[in-house]
Amino acid sequence: MSKRHFPDLLAIGLVFLAYTITVWAALGLSFGAALVGGAANTVPVVIFGAFARHLIVTRLVGRGLLVQTLGHVGLCAAFALLSFWLLIVLLGLANGASLTEFSVRAFPTGGSAWQLLEEVTTYAVLAALTYAQLGKAAPSPSAEEPSASDGPTVANPEVERARVPEPSRYFIRDGDDLRPIDLERVVCIGGADDYAEVTTLDGSHLVRMTLSEFEQTLDPARFARVHRSWIVNLDCVERVEPAGGGRMLLHMRTGQAVPASRSGARSLRDRVL
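Please read these numbers as outputs of a predicted model, since none were measured by experiment.

This brings us to the sheet that holds strand S8 (residues 237-244). Read across the open sheet, the three strands follow the order S8-S9-S10; overall the sheet is antiparallel. At either margin of the open sheet sits one strand with a lone partner, and together these are S8 and strand S10 (257-260). If you compare each strand with its neighbour and ignore which way they point, the axes differ by 25° on average. Looking at chain direction, strand S9 (residues 247-252) and S10 are connected through four bridges and run antiparallel. Within S10, the residue paired with Met248 across the bridge is Ala260.

This next bit is on a nonpolar patch on the surface. Residues Leu10, Leu14, Leu17 and Ile21 make up a contiguous nonpolar surface patch of roughly 370 Å² in combined accessible area. By the secondary structure assignment, Leu17 is in helix H1 (residues 6-27). Residue classification places Leu17 among the partly exposed residues on the basis of a relative accessible area of 46%.

This part covers the side chain of Asn233. Within the secondary structure, Asn233 sits in strand S7 (residues 230-233). A distance of 2.8 Å separates the side chain of Asn233 from the backbone oxygen of Val186, its partner in a polar contact. Side-chain polar atoms of Asn233 contact the backbone nitrogen of Asp235, separated by 3.0 Å. Apart from residues lying up to four places away in sequence, Asn233 is in contact with Leu183, Glu184, Val186, Val187, Arg222, Phe223 and Met252.

Now for empty space enclosed by the protein. The tally for this structure, following the rule as stated, stands at one cavity of 30 Å³ or more. By volume, the largest cavity amounts to about 40 Å³. What lines the largest cavity is simply Tyr170, Ile172, Ile181, Leu183, Val186, Ile189, Val198 and Phe214. Elements supplying a minimum of two residues to the lining of the largest cavity: strand S1 (169-174) and strand S3 (186-192). Taken together, the residues of the lining of the largest cavity sort by class into eight nonpolar, no polar and no charged.

In the structure shown here, the tally under the stated rule is two aromatic pairs. Relative to Phe31, the ring of Trp24 lies with its centre 5.3 Å away and its plane at 75°, an arrangement referred to as edge-to-face. Centre to centre, the rings of Phe79 and Tyr123 are 6.0 Å apart; their planes meet at 45°, and the pair counts as tilted. Here Phe79, found in helix H3 (residues 65-94), pairs with Tyr123, found in helix H4 (residues 109-134); they are 44 residues apart in sequence, far enough to count as distant.

By size, the foremost hydrophobic cluster in this structure holds 26 residues, and its most contacted members are Ile56, Tyr123, Val226, Val232, Leu250, Met252 and Val258. Dropping the residues within four chain positions of it, Ile56 is found in contact with Val61, His72, Leu75, Tyr123, Ala127, Thr130 and Tyr131.

Moving on, we come to the pattern of salt bridges. Counted by the stated rule, this structure contains three salt bridges. The closest approach of N and O atoms between Arg225 and Glu215, which form a salt bridge, is 2.9 Å. Of this pair, Arg225 sits in strand S6 (residues 223-227) while Glu215 sits in helix H7 (residues 211-217); the two residues are ten residues apart in sequence, bridging distant segments of the chain. Among the salt bridges present, the one from Arg253 reaches Glu238, with a minimum N-O distance of 3.7 Å. Of this pair, Arg253 sits in the loop between S9 and S10 while Glu238 sits in strand S8, and the two are 15 residues apart along the sequence. A residue is classified by how much of its surface remains accessible, and Arg253, at 43% relative accessible area, is partly exposed.

Calculation notes
- Residues numbered from 1 in each chain as written.
- Predicted model: local features only at pLDDT ≥ 70, side-chain atom pairs only at ≥ 80, totals over all residues.
- Heavy atoms only, no water.
- Pairing = 2+ DSSP bridges.
- Helix = DSSP H or I, 4+ residues; strand = E, 2+ residues; numbered from the N terminus.
- Axes fitted to C-alpha atoms, helices over the stretch in contact; angles between N-to-C directions.
- Patch = residues over 30% accessible without salt bridge, like charges linked within 9 Å, V, L, I, M, F, W, Y side chains within 5 Å.
- Areas by Shrake-Rupley, 256 points an atom, 1.4 Å probe, with all protein chains shown as cover.
- Salt bridge = Lys/Arg side-chain N within 4 Å of Asp/Glu carboxyl O.
- Buried < 20%, exposed > 50% of the residue type's maximum accessible area, 1.4 Å probe, protein only.
- Polar contact = N/O pair within 3.5 Å; in protein donor to acceptor, adjacent residues only side chain to side chain.
- Contact = heavy atoms within 4.5 Å.
- 1 Å grid on protein atoms, 1.4 Å probe; cavity = no way out; pocket = protein on both sides within 12 Å on 5 of 7 lines; lining within 4 Å.
- Points joined across faces, edges and corners; volume = space filled by probe spheres on them.
- Nonpolar A, V, L, I, M, F, W, Y, C, P; charged D, E, K, R; others polar.
- Phe/Tyr/Trp six-rings, centres within 6.5 Å; stacked < 30°, edge-to-face > 60°.
- Core = buried A, V, L, I, M, F, W, Y, C linked by side-chain atoms within 4.5 Å.

Okay, structure coming up:
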């Protein structure tokens with residue numbers, strides 16, 4: 001197990017433990033039945049929570065306030081309803097006579113309302129934690145760049161030699177096939193954990209590769225890491241607007257808006273003529 005996945009696994013374990021204890025104490029079930037109930041409550045949160053988190057990172061972060069608000073309303077509703085539906089199915093399966101013979105029964109009205117409120121609260125916590133994680137993108141000024149009094153920065157030859165040459169194209173898996181993607185058609189790359197979403201002029205592709213791995217192979221004259229979660233193709237930036245607090249919002253050729261952290265915004269200002 002990598003250290004990168006440890007926080008997620010720890011969170012899943014805590015959610016399972018909290019649900020199990022709650023079911024055990026509130027319903028007076030046996031500990032075995034409480035474990036089943038805890039698992040039934042945890043599985044929907046994990047499945048739809050991971051999907052919602054991916055959509056927040058790749059589709060909502062950096063968009064306008066109205067788009068983000070409407071997006072979260074829709075995502076929250078979908079998360080709550082789908083999680084509630086899967087919970088009922090899993091409970092019916094757990095209490096059924098077999099895997100093929102079980103009944104699905106809705107909770108009483110009060111129980112349904114309480115469960116939906118719980119799912120809405122869970123989504124709110126998930127969204128807040130996702131934004132908090134992305135908000136840690138900008139390192140402190142002392143760590144990210146030298147001050148003006150330090151004089152010009154001299155490139156380290158060893159670092160330059162260590163940089164992997166930029167390929168002219170990548171190959172993305174599409175089922176059993178490999179689809180070529182030319183770098184000049186890449187608009188931006190958004191990342192979360194071990195995955196990255198490559199947005200091109202033709203569409204989007206989800207790949208198992210970190211942003212740091214991408215960054216090592218991309219030409220820094222063409223591509224810029226403007227955020228912990230974003231790399232952009234500077235040739236595809238249509239316009240840039242201030243976003244407050246020294247940050248910027250980059251409007252890309254595809255219509256997508258990408259946030260630039262304070263450090264990313266400073267690196268872009270260095271390119272201003």
